[in-house]
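So you can see what is in the structure, the chains are spelled out below.
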Amino acid sequence: MYDPNSGRFDLDAAEQLLGIGEEERRLIRLVVSVDMLLAHVGITPEQITMAYSERVRNDLLDAASSLKSVAGDD
C-alpha cells in the first residue's frame, strides 16, 4: 500500500534514536533560536567573542576588587 509519509524526516524518531532527552532538547532549541536571532540582526561570532572576553575580564576585575576589600588592602 502507498504511504505518502514514507521517506519523510521523523523528528521524534530521530531524537529517540540519538538519545536526546527533554533537557537536551530544550538546550538544543535554545541554541538554535539564539543562532537564528544573531544571524537576523547581523551579530558575528567575532563580536560575540569580543563581548564575552570583555565580560569575563570585568568579572575578574570585580572579583579582584572584592578580594582586596575583604583582605583590607584598599
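Rules behind the numbers
- Residues numbered from 1 in each chain as written.
- Predicted model: local features only at pLDDT ≥ 70, side-chain atom pairs only at ≥ 80, totals over all residues.
- Heavy atoms only, no water.
- Helix = DSSP H or I, 4+ residues; strand = E, 2+ residues; numbered from the N terminus.
- Rg over C-alpha atoms; globule rule 2.2 N^0.38 Å.
- Buried < 20%, exposed > 50% of the residue type's maximum accessible area, 1.4 Å probe, protein only.
- pLDDT = per-residue confidence, 0-100.
- Expected span 1.5 Å × (residues − 1).

**Q** Explain the overall build of the protein to me, using residue names and the numbers behind them.
**A** From N to C terminus, the protein includes three helices and zero strands. Secondary structure elements in the protein, listed N-terminal to C-terminal, are α-α-α. Taking 2.2 N^0.38 as the reference for a compact globule, 74 residues should give roughly 11 Å; the C-alpha atoms of the protein span a radius of gyration of 23 Å, well beyond that estimate. Expressed as lengths along the three principal axes of its C-alpha atoms, the size of the protein is roughly 80 × 30 × 10 Å. Among the 74 residues that make up the protein, the fraction classed as buried is 4%.

**Q** Give a description of the confidence of the model for the protein that names residues and reports values.
**A** On average, the protein scores 92 in pLDDT, and the residues at 70 or more come to 95%. Averaged pLDDT values over the elements of the protein bottom out at 94 in helix H1 (residues 11–18) and peak at 97 in helix H2 (residues 22–41).

**Q** Describe the environment of Glu23, and please don't skip the residues or the numbers.
**A** For Glu23, the position within the fold is in helix H2. Overall, Glu23 belongs to the exposed group, its relative accessible area being 64%. Considered as a pair, Glu23 and Ala64 are 41 residues apart in the sequence and their alpha carbons are 35 Å apart.

**Q** Please give an account of H2 that cites residues and values.
**A** For H2, with 20 residues, the first-to-last C-alpha span of 29 Å sits near the 28 Å given by 1.5 Å per residue. Taking burial as the measure, the 20 residues of H2 include zero buried ones, a minor fraction of the element.

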